[in-house]
Structure formats: structure tokens, C-alpha cells
Amino acid sequence: AAAQESLHESQPMMTAVTEIGTQRGDSAAVERALSAMARLKDSSDVQERGGYSIIHAAWLGMTGNHHEALEAAESVLRLGEELHDSQEFMRLGFVHAMEAALALGDRSSAARLLKMVEQMPPVDRFPFLNAQASRFRARLLILEGEDGPHLETDFAAAEGRFRQIGAGFWLAVTQLEHGEWLIAEGRAKDARGLADEALAAFTRLRAQPWMERAQRLRPVEVETVSV
């Protein structure tokens, strides 16, 4: 009983370890957290099952098992519906589910998940979830081959909300994705400031995979040799 209580108390820490490991591309750290929490997989406690499923979804996404990651993340969302205070489940479940759906090119699932958030009562759509919804709406538009002001408005809305709530990592992610889209649209100059700010944030947070991705947005300096 004491061991089970200790495991329950360590769940928030393991979830935090998982999120940091995911950001830094440290799949080994996420796998260790998953192993440590394995006993909670079939727990009768909704919070414990949800905590395990969040870590499982993160690990599956990192290892490229996006179908399974989508299923695991959606199970987190279903468990969240059983709780009165489900903010953590909705926050992480939605992010992992959308990442998996978009990685699969599953526009139907992505649209369904966005609609779920949009139909939530305003009091339940806390700022982080609103910001992620704007970010993912922009990415879904890109997947659908759309462009124009609506897409840029969604990116800008997400950036503004993340900045307002101090979510520095997610602000940088959105800036990076925004910059990548701008470059694809032939607007490299507009992307430079976004890429620079994102790279600085990723460097500070030691988010190596994101650092490398942001560095690829920086223009290559070419020396002109006179002959």
C-alpha cells in the first residue's frame, strides 16, 4: 500500500520528466518514466490510469508509432471527461493526439479533435488549450493545402497567447512552424525574426531536436568571390 501511495505521489513528477524528455528528444528518459509507471496501467484510479496513458502516448509518438500514440492520447481525453478537474488530461491529451493525427496526415481525426475543443464551454477552454487549438488549426490548414490570412492569423493568435501565459517552449515551437510555412511561401525575410527567437529559446531549454530544426531555417551565408 505504501509503495502504491508513493507511486501515486510521483506521478506528477514523472509526467513533468516525460514532457521535458519529449522536448529534448530524450526517448530513454521517457521510456524510464513509462517503465516506472507501468503498474498504474490498469489501476482502478482514473488519475493513475490517465497519468500512465499520457506518458505512453508521449513515448509512442517519439518512437514513431503514431497510430498507437493517437489511440493512447484519445484514451487520456476520455478519462479526462470522467474528472471534474481534468485540465492536465485535456491539455496533454489534446497535444499528443493532435501531433499524432497530423503526423499521420489524418485530417479527419485532427478536425474532429479541434471541433471537440471549439465546442467546449468557454470556461473550460483555458488559455493553454486555446493557444494550442490556434496553433493546430494553422497546421491543419497547411496539411489541407490552404494558405492566406486565416492561417497566419491562427499562428499569430497562438504566439500571442503563449507569450501572454509565459509558455516559452510552445511559443518557440509555434514560431518555428510559422517560420517554416513562411519560407515555403517564399517569405524567408519574414521568417528570420521568428527563427532567431525560436532558436534562442530552444538553446536556453536544451531542446536539441528543436534547436537543429530551427538552425535549418537560418539562411546560409554565401561568400561572393570576385574573379
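Rules and cut-offs
Residues numbered from 1 in each chain as written. Predicted model: local features only at pLDDT ≥ 70, side-chain atom pairs only at ≥ 80, totals over all residues. Heavy atoms only, no water. Patch = residues over 30% accessible without salt bridge, like charges linked within 9 Å, V, L, I, M, F, W, Y side chains within 5 Å. Areas by Shrake-Rupley, 256 points an atom, 1.4 Å probe, with all protein chains shown as cover. Salt bridge = Lys/Arg side-chain N within 4 Å of Asp/Glu carboxyl O. Lys, Arg positive; Asp, Glu negative; His and termini not counted. Charge placed at Lys NZ, Arg CZ, Asp CG, Glu CD. Helix = DSSP H or I, 4+ residues; strand = E, 2+ residues; numbered from the N terminus. Buried < 20%, exposed > 50% of the residue type's maximum accessible area, 1.4 Å probe, protein only. Contact = heavy atoms within 4.5 Å. Phe/Tyr/Trp six-rings, centres within 6.5 Å; stacked < 30°, edge-to-face > 60°. Core = buried A, V, L, I, M, F, W, Y, C linked by side-chain atoms within 4.5 Å. pLDDT = per-residue confidence, 0-100. Arc of directions from axis to C-beta. Expected span 1.5 Å × (residues − 1). Axes fitted to C-alpha atoms, helices over the stretch in contact; angles between N-to-C directions. Parallel < 35°, antiparallel > 145°, perpendicular 65-115°, else oblique. Left-handed = near helix turned anticlockwise from the far one by under 90°.

Student: Got a minute to help me understand a negative patch on the surface in this structure?
Tutor: On the surface, Glu144, Glu146, Asp147 and Glu185 cluster together into a negatively charged patch. Tracing the backbone through its elements, the reader meets Asp147 in the loop between helix 7 (127-143) and helix 8 (149-165). Overall, Asp147 belongs to the partly exposed group, its relative accessible area being 48%.

Student: When you look at the environment of Phe155 in this model, what are you seeing that I'm missing?
Tutor: Here Phe155 shows up in helix 8. Classification of Phe155 by relative accessible area gives buried; the value is 0%. Each C-alpha atom, one on Phe155 and one on Ala131, is 9.1 Å from the other, the two residues being 24 residues apart in sequence. Those residues within four positions of Phe155 in sequence are excluded, and the remaining contacts are Arg135, Ala138, Ile142, Thr174, Glu177, His178 and Trp181.

Student: Where do I start with the packing of aromatic side chains in this structure?
Tutor: The description of an aromatic ring pair rests on the distance of the ring centres and on the angle between the ring planes. Enumeration according to the criterion identifies 7 aromatic pairs in this entry. Residues Phe94 and Phe136 carry aromatic rings whose centres are separated by 5.7 Å and whose planes lie at 85° to one another, so their mutual orientation is edge-to-face. One end of the pair, Phe94, is in helix 5 (residues 87-104); the other, Phe136, is in helix 7, with 42 residues separating them in the sequence. Judged by its relative accessible area of 0%, Phe136 is buried. Pairing Phe128 with Phe162 gives two aromatic rings, centres 5.9 Å apart and planes at 65°, and the pair type is edge-to-face. With Phe128 in helix 7 and Phe162 in helix 8, this residue pair connects regions lying 34 residues apart in the sequence. Both residues of the pair, Phe128 and Phe162, belong to the buried class.

Student: How do you make sense of the nonpolar core when you look at a structure like this?
Tutor: Within soluble globular proteins, side chains that are nonpolar tend to cluster in buried spots. Ranked by size, the top nonpolar core spans 46 residues in total, and within it Phe94, Met98, Phe162, Trp170 and Phe202 carry the most contacts. Not counting the four nearest positions on each side in its chain, Trp170 is found in contact with Val95, Phe128, Gln132, Arg135 and Phe162.

Student: What's the story with the confidence of the model for the protein chain in this structure? I'm lost.
Tutor: Predicted coordinates in regions of low pLDDT should not be interpreted in detail. Looking at the protein chain as a whole, its pLDDT mean stands at 87, while 89% of the residues score no less than 70. Ranking the elements of the protein chain by mean pLDDT puts helix 1 (residues 2-24) last with 69 and helix 9 (residues 168-184) first with 96. The model gives residues 1-9 a pLDDT under 50, and that stretch makes 11 contacts with residues more than four places away or in other chains.

Student: Any chance you could explain helix 11 (residues 208-215) here in plain terms?
Tutor: Owing to its 3.6 residues per turn, the α-helix aligns residues three or four sequence positions apart on the same side. Among all positions in helix 11, only Trp210, Met211 and Ala214 are buried. For helix 11, the buried positions fall inside an angular range of 105° around the axis, keeping them on one side.

Student: For this particular structure, what's the right way to read helix 9?
Tutor: In a regular helix each residue adds 1.5 Å, so 17 residues correspond to 24 Å; helix 9 covers 24 Å between its end C-alpha atoms and thus fits that length. In terms of burial, helix 9 is a largely internal element, 13 of the 17 residues being buried.

Student: Quick question: what am I supposed to make of the packing of helix 3 (residues 46-62) against helix 5 here?
Tutor: A packed helix pair is summarised by two numbers, namely the angle formed by the two axes and the spacing between the axes. Contact pair helix 3 / helix 5: the axes reach a minimum separation of 10 Å and the direction vectors enclose 25°. Between helix 3 and helix 5, the crossing angle belongs to the class labelled roughly parallel. As helix 3 packs across helix 5, the resulting crossing turns out to be left-handed. Of the residues in helix 5, those in contact with Val46, Gln47, Gly50, Gly51, Ile54, Ala57 and Ala58 of helix 3 are Glu88, Phe89, Leu92 and His96.

Student: Help me understand unusual backbone geometry in this model?
Tutor: Glycine aside, a negative phi is what most residues show, and trans is what most peptide bonds show. One non-glycine residue with positive phi stands out, namely Arg206, at about 60°. Note that Arg206 resides in the loop between helix 10 (188-205) and helix 11.

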